Amino acid sequence: MLPQPPPPPLVAGGKHSNAPAADDGRSGAAGSGSLRPTLFAGVWFFVNPLMGSDLAEKIRTILLRGGARESVVPETNEGAGLSHPTATDAGARQRTRFDLLETTHVVSTEIEFPEYAACLEAKIRVVQS
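Basis of the calculations
- Residues numbered from 1 in each chain as written.
- Predicted model: local features only at pLDDT ≥ 70, side-chain atom pairs only at ≥ 80, totals over all residues.
- Heavy atoms only, no water.
- Helix = DSSP H or I, 4+ residues; strand = E, 2+ residues; numbered from the N terminus.
- Buried < 20%, exposed > 50% of the residue type's maximum accessible area, 1.4 Å probe, protein only.
- Polar contact = N/O pair within 3.5 Å; in protein donor to acceptor, adjacent residues only side chain to side chain.
- Pairing = 2+ DSSP bridges.
- Contact = heavy atoms within 4.5 Å.
- Axes fitted to C-alpha atoms, helices over the stretch in contact; angles between N-to-C directions.
- Right-handed = clockwise from strand over helix to strand, strands pointing away.
- Salt bridge = Lys/Arg side-chain N within 4 Å of Asp/Glu carboxyl O.

K.L.:
I tried to follow the side chain of histidine 105 on my own but got confused; where do I start?
P.N.:
Mapped onto the elements of the fold, histidine 105 is located in strand S5 (residues 105–108). Judged by relative accessible area, histidine 105 falls into the buried class, the value being 17%. Of the polar contacts made by the side chain of histidine 105, one reaches the side chain of threonine 104; its length is 2.8 Å.

The following block contains the structure:
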């Protein structure tokens, strides 16, 4: 199987705009803003909170409306994420803010986040916005 190119970043305006196109997965009249609930079916995402709460919430809303699911790890009593096995070595564990086995996409404004190397290892797509 050939590797798939990463999806364009979810940003408003500019080169990779989310403006409606002829067949972009939106339902209803052009510009209605309602996403087909299956557009992002099968997508499990994590939005890096370091990107800012307003942008993170906009992206989260778009993905959830399109049928994606958010991959979050419940916090322990100490407030730290749970450990998850890495993709290549089920015995190796890393403390993460999301499930490395479940997550398909991470949205971030930068690649400088703790789980970046684990994402590469697990072949999780990192989408920069």
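Now that the structure has been shown, the text picks up again.
K.L.:
Can you walk me through the environment of arginine 65 in this structure?
P.N.:
Mapped onto the secondary structure, arginine 65 falls in helix H1 (residues 53–65). Distance in space between the C-alpha atoms of arginine 65 and proline 37 is 6.1 Å, their sequence separation being 28 residues.

K.L.:
Hey, could you run me through the sheet that holds strand S2 (residues 69–70) in this one?
P.N.:
Think of a sheet as strands paired side by side through backbone hydrogen bonds, with each pair either parallel or antiparallel. Read from one edge of the open sheet, four strands run S2-S1-S5-S6, paired in parallel fashion. Every other strand in the sheet has two partners, leaving S2 and strand S6 (125–128) as the edge strands with one partner each. Along the sheet face, H1 touches strand S1 (44–47), S2 and S5 and points at about 170° away from the line of S1.

K.L.:
Is there a simple way to think about the pairing of S1 in this case?
P.N.:
Looking along a regular strand, one sees side chains alternate from face to face of the sheet. As paired elements, S1 and S2 share two bridges and run parallel to each other. Residue pairing in the sheet places tryptophan 44 in a bridge with arginine 69 of S2. Handedness of the crossover is the feature at issue here: the chain leaves S1, passes through H1, returns alongside S2, and the resulting connection is right-handed.

K.L.:
It is not clear to me how the pattern of salt bridges should be interpreted in this structure. Could you clarify?
P.N.:
For side chains bearing opposite charge, pairing can occur when the charged atoms are close. All chains considered together, the criterion is met by three salt bridges. The salt bridge partner of glutamate 57 is arginine 60, with a shortest N-O separation of 3.1 Å. With glutamate 57 and arginine 60 both in helix H1 and three residues apart, the pair spans about one turn of that helix. Where glutamate 115 meets arginine 97, a salt bridge forms, and the shortest distance between an N and an O atom there is 2.8 Å. A residue pair is termed long-range when its members are at least 10 positions apart, and glutamate 115 in the loop between S5 and helix H2 (116–122) and arginine 97 in the loop between strand S4 (93–95) and S5 qualify at 18 residues. Among the charged side chains, a salt-bridge network with shared partners connects Glu57, Arg60 and Glu70.

Don't take any of this as a statement about function, it's just geometry.
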